[in-house]
Amino acid sequence: MWRAAAVRTLRGARSGAGALRAASGAAAAQLRRRLESELEDIRGAGTWKSERVIASRQGPHLRLADGGAGIINFCANNYLGLSSHPEVIRAAVEALEKFGAGLSSVRFICGTQSIHKDLEEKIARFHQREDAILYASCFDANAGIFEALLTPEDAVLSDELNHASIIDGIRLCKANKYRYRHMDMQDLEAKLKEAQKHRLRLVATDGAFSMDGDIAPLREICQLAQKYDALVFIDECHATGFLGPNGRGTDELLGVMDKVTIINSTLGKALGGAAGHPGVPCPILSPPSAGGYTTGPKPLIDLLRQRSRPYLFSNSLPPAVVGCASKALDLLMESNAIAQSMAAKTQRFRSKMTAAGFTISGKDHPICPVMLGDARLASVMAEDMLNRGIYVIGFSYPVVPKGKARIRVQISAVHSDEDIDRCVEAFTQVGRKHGALP
């Protein structure tokens, strides 16, 4: 009898498992249909984002995996050309050989090496701040600071066009949230007045806005912050290394280094291209970690080491990434010649494109958005530019607002004048072909 009962139980279990598999299969099929529908909508809207595979190191000239030798690259954040600088590469190799491929641990357990501390000290010295803390990426730095610093008694006031990582970081914190219109100082002042009831007020802004190439009015922001007893935070990912007389960023450019309290930035753009948001591959290896940091008052940095979740729960930066960034900072602190070269080339591109009839957003920044409006036009023109040997990318919703699609061109110090002129010529040809120019 007990054998018969056992058989019935086993059969019932098998039947139940089969039903679960069937239900699971139905749910998976339903999910697949919904996802395929959403993907088809993206294709239909002309906003599909393809990834082109690079078969060479990062630099002004690339070779794509599917051919396309001799492509001129105008879409990397490699502003100073340091991602393939021989001294930066050599520093990464030396760090890899001396300190290994990685730490396999978080910083406070078994993941801090002398090179991490040396780089943090160097970052603080470069920005003329008290201390600095390294993160896996600047996205993590932005995700970690607001939650650790701000409480429900506090307020954060954020520019509406801040980077997605700032927006996400603010969402994670419990502070009272205010959003002011892009670079609108009247609106910021109104929000600061409204926020006076809170204990601490923090104004958060990009130093240079990555999609528009415009620079935050930091003088006016700092004046308002002083008037209403607020602190200022800036994300300097698209400024560190090349804006300002010594490349220290927008606060140096605008003469307010002593008035900005907190700076977050990346190792993944001008500082050798180790990684960032969005970054480019390290010239030695493509590590799972990236590279970002916060620099500011020492008590704040000490607090982040105790409470910042992305710092506490992420593996430490691989030594090769640290080596890249450390050497890049050495080069920047030795001379500003590279940054000055980039400024001249930026002006060359902007003036020639404007003369050709294009609208270029922003001012005096190597991010040069060619404004087109229509998402499909931006995508088609970017593809046609590649056929002419110019690698650029079209940006459309949700990366930028609807109706404001553009092709973002990024100038590097290692572009030659001939590279820039060839890019302008290709834009002119493609623009006329697709009706963007008369």
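Please refer to the structure higher up on the page.
All values derive from a computational prediction rather than experimental measurement.

**Q** For this particular structure, what's the right way to read the overall build of the chain?
**A** Check the secondary structure of the chain and you find 15 helices and 13 strands. Projected onto its principal axes, the C-alpha positions of the chain cover 90 × 55 × 55 Å. Of all intrachain contacts in the chain linking residues separated by at least 6 positions in sequence, the fraction that spans at least 24 positions is 72%. With an accessible surface of roughly 20,000 Å², the chain has 52% of that area assigned to carbon and sulfur atoms. Where the 54 positive side-chain charges of the chain centre and where its 47 negative ones centre are 8 Å apart.

**Q** Looking at this structure, how should I read the pairing of strand β8 (residues 262-266)?
**A** For a regular strand, side-chain orientation follows a simple rule: the groups alternate between the two sheet faces. Taking burial as the measure, the 5 residues of β8 include 5 buried ones, the bulk of the element. Residues Ile262, Asn264 and Thr266 of β8 are buried on one face, and the alternating residues Ile263 and Ser265, pointing to the opposite face, are buried as well. Across 3 bridges, strand β7 (residues 231-235) lies against β8 in parallel orientation. Bridging across to β8, Ile234 finds its partner in Ile263. Both β8 and strand β9 (residues 292-296) contribute to a ladder of 4 bridges, which runs antiparallel. What sits directly across from Thr266, in β9, is Gly292.

**Q** Just to check I follow, could you spell out helix α7 (residues 185-194) for this structure?
**A** Since there are 3.6 residues in each turn of an α-helix, residues three or four apart along the chain are aligned in direction. Listed in full, the buried residues belonging to α7 are Met185, Asp187, Leu188, Glu189, Lys191 and Leu192. Of the surrounding secondary structure, the elements contacted by the buried residues of α7 are β4 (155-159), β5 (176-180), β6 (201-206) and α8 (218-227). Of the residues flanking the start of α7, the one acting as N-cap is Asp184, its side-chain oxygen 3.1 Å from the backbone nitrogen of Gln186.

**Q** In this structure, what is going on with the nonpolar core? I would like to understand it.
**A** Among soluble globular proteins, nonpolar side chains are generally buried collectively. Core analysis: the biggest nonpolar cluster contains 34 residues, and Leu80, Leu119, Ile123, Leu134, Phe242, Leu267 and Leu271 have the highest contact counts within it. Contributing elements (two or more residues each) for this core: α2 (86-99), α4 (114-127), β3 (131-135), α12 (319-334) and α13 (337-356). Among the elements that make up this core, the one with the highest residue count is α12 (9 residues). Ranked by size, the runner-up nonpolar core spans 28 residues in total, among them Ile360, Met381, Ile390 and Ala426.

**Q** When you look at the sheet that holds strand β13 (residues 405-410) in this model, what are you seeing that I'm missing?
**A** In any sheet, the strands associate via hydrogen bonds between backbone groups, in a parallel or an antiparallel arrangement. If you trace the 3 strands from one edge of the open sheet to the other, you get β10-β13-β12, paired in antiparallel fashion. Where the open sheet ends on each side, the last strands, each with one partner, are β10 (367-373) and β12 (393-395). Looking at each pair of strands side by side, their axes are set apart by 30 degrees on average, direction ignored. Direction of pairing for β10 relative to β13: antiparallel, over a ladder of 6 bridges. The residue bridging Val370 from the neighbouring strand is Ile407, located in β13. Against the sheet, α13 touches β10 and β13, its axis set at about 20 degrees to β10. Those strands touched by helix α14 (residues 375-387) are β10, β12 and β13, and its axis lies near 35 degrees from that of β13.

**Q** Before we go on, may I ask you to explain the pattern of salt bridges in this structure?
**A** It is possible for side chains bearing opposite charge to pair when their charged atoms get close. Considering all chains together, one arrives at 27 salt bridges under this definition. The residue Asp330 makes a salt bridge to Lys122 at a minimum N-O spacing of 2.9 Å. Pair noted here: Asp330 is in helix α12 and Lys122 is in helix α4, with a separation of 208 residues, a long-range link. Judged by its relative accessible area of 11%, Lys122 falls in the buried class. The salt bridge partner of Arg388 is Asp384, with a shortest N-O separation of 2.7 Å. For Arg388, a relative accessible area of 29% translates into the label partly exposed.

**Q** Would you explain unusual backbone geometry in this entry?
**A** Negative phi values dominate among residues other than glycine, just as trans dominates among peptide bonds. Residue Pro398 is reached from Tyr397 by a cis peptide bond, and omega for that bond is 10 degrees. Mapping Pro398 onto the fold places it in the loop between β12 and β13. In the Ramachandran plot, Met183 falls in the positive-phi region, its phi being about 55 degrees despite a non-glycine side chain. Phi at Asp364 takes a positive value of approximately 55 degrees, unusual for a residue other than glycine. Relative to the helices and strands, Asp364 resides in the loop between α13 and β10. Since its relative accessible area comes to 48%, Asp364 is described here as partly exposed.

**Q** In this structure, what is going on with the side chain of His198? I would like to understand it.
**A** The topology assignment puts His198 in the loop between α7 and β6. What makes His198 buried here is its relative accessible area of 11%. Ignoring anything within four residues of it in the chain, the contact list for His198 reads Glu153, Asp154, Ala155, Asn176 and Tyr178.

Calculation notes
Residues numbered from 1 in each chain as written. Predicted model: local features only at pLDDT ≥ 70, side-chain atom pairs only at ≥ 80, totals over all residues. Heavy atoms only, no water. Helix = DSSP H or I, 4+ residues; strand = E, 2+ residues; numbered from the N terminus. Contact = heavy atoms within 4.5 Å. Areas by Shrake-Rupley, 256 points an atom, 1.4 Å probe, with all protein chains shown as cover. Lys, Arg positive; Asp, Glu negative; His and termini not counted. Charge placed at Lys NZ, Arg CZ, Asp CG, Glu CD. Buried < 20%, exposed > 50% of the residue type's maximum accessible area, 1.4 Å probe, protein only. Pairing = 2+ DSSP bridges. Polar contact = N/O pair within 3.5 Å; in protein donor to acceptor, adjacent residues only side chain to side chain. Core = buried A, V, L, I, M, F, W, Y, C linked by side-chain atoms within 4.5 Å. Axes fitted to C-alpha atoms, helices over the stretch in contact; angles between N-to-C directions. Salt bridge = Lys/Arg side-chain N within 4 Å of Asp/Glu carboxyl O.

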